[in-house]
Amino acid sequence: MNWDWNAVSEFMPHFWDGLLVTLQALVLGSLISFVLGLVWALLMRVPSRWVTWPVGVVTEFVRNTPLLVQLFFLFYVLPEWGLTFSALTTGVFAIGLHYSTYMMQVYRAGIEAVPVGQWEAATALNLPVARTWRVVILPQAIRRVVPALGNYVIAMLKDTPMLMAITVLDMLGQARLFSQQNFQFTEPLTVIGVAFILISYLASLLLRALERRLVH
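Overview of the structure. Everything quoted here is computed from the prediction, not taken from an experiment.

What follows deals with the packing of helix α5 (residues 116–124) against helix α6 (residues 129–159). One can describe the packing of α5 onto α6 by two numbers: an axis separation of 11 Å at closest approach and a directional angle of 165°. For the element pair α5 / α6, the angle class is roughly antiparallel. The crossing of α5 and α6 is right-handed. In this structure, α5 contributes Q118, W119 and A122 to the contact, and α6 contributes T132, W133, V136, I137 and Q140. When the residues that make up the contact of α5 with α6 are grouped by side-chain class, the tally is five nonpolar, three polar and no charged.

What follows is the structure, given as structure tokens:
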């Protein structure tokens, strides 16, 4: 095998374009999953089966079907119903929705881990329900589950190449396109492999720093 640095040099402009798309999908997808996952978790605590049952059905369906199937459905089926979005928008929403169902379980575990005494203290102080959640419960719950949330973000990063299936040119998409046009596969695929390792490593360092800050 001959390593061609010229191929690496030619691929790098395409790599930066793909990296930007990958990071956009990761950041926006993470935000959607964080917010929507918390919404699911809170709705599952509503004392009404008319709320918890539909939420449970939806989240179980999303969690137990492949992300790739969801991507194809949103990208190819929704336009038949008059709902058309760009490939990147569809991909971001799909990956955010998919991972929100996992985030929901993490949030739920964090909420259930809050000591009963905290709920009793809030009740004794006659705090409104919304304030109890905002000031007492959620800060403690989220602090406990930061590591798990961070692990799912890293897992989401590794799933972003699936967006290539709906024509999103992320890092892998750019590498594949470059390789097909230039018949050079080793260099671009190696570059994005190293990039995924570095991004995951930096994300883990950031996660550890956030953990230490929250603990102290």
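Now that the structure has been shown, we can carry on.
The next point concerns the environment of S100. One can find S100 in helix α4 (residues 87–113). In the structure, S100 is positioned 68 residues away from I32 in sequence and 7.3 Å away in space, judged by C-alpha atoms. Each residue touching S100, except ones within four places of it in the same chain, is listed here: S33, L36, G37 and W40.

We now examine the packing of aromatic side chains. If you walk through the whole model with that rule in mind, you get 10 aromatic pairs. Pairing Y99 with Y152 gives two aromatic rings, centres 6.3 Å apart and planes at 65°, and the pair type is edge-to-face. Taken together, the residues Y99 in helix α4 and Y152 in helix α6 connect sequence positions 53 residues apart. A relative accessible area of 6% means that Y99 is categorised as buried. The partly exposed category is assigned to Y152, whose relative accessible area is 26%. Among the aromatic side chains, those forming a connected cluster through ring pairs are F11, F15, W16 and F178.

Here we take up helix α3 (residues 67–77). Residues L67, Q70, L71, L74 and F75 constitute the buried set of α3. In a view along the axis of α3, the buried residues occupy a sector of 115°, so they form one face of it. Where α3 is buried, its residues touch α2 (49–63), α4 and α6.

What follows concerns the pattern of salt bridges. Summed over all chains, the structure comprises one salt bridge. One salt bridge in this structure joins E60 and R63, with 2.0 Å as the shortest N-O distance. Placement of the pair is E60 and R63 together in helix α2, with a separation of three residues, close to one helical turn. With relative accessibility at 36%, the residue E60 sits in the partly exposed group. By relative accessible area, which is 15% here, R63 ends up buried.

Reading guide: rules and limits
Residues numbered from 1 in each chain as written. Predicted model: local features only at pLDDT ≥ 70, side-chain atom pairs only at ≥ 80, totals over all residues. Heavy atoms only, no water. Axes fitted to C-alpha atoms, helices over the stretch in contact; angles between N-to-C directions. Helix = DSSP H or I, 4+ residues; strand = E, 2+ residues; numbered from the N terminus. Parallel < 35°, antiparallel > 145°, perpendicular 65-115°, else oblique. Left-handed = near helix turned anticlockwise from the far one by under 90°. Contact = heavy atoms within 4.5 Å. Nonpolar A, V, L, I, M, F, W, Y, C, P; charged D, E, K, R; others polar. Phe/Tyr/Trp six-rings, centres within 6.5 Å; stacked < 30°, edge-to-face > 60°. Buried < 20%, exposed > 50% of the residue type's maximum accessible area, 1.4 Å probe, protein only. Arc of directions from axis to C-beta. Salt bridge = Lys/Arg side-chain N within 4 Å of Asp/Glu carboxyl O.

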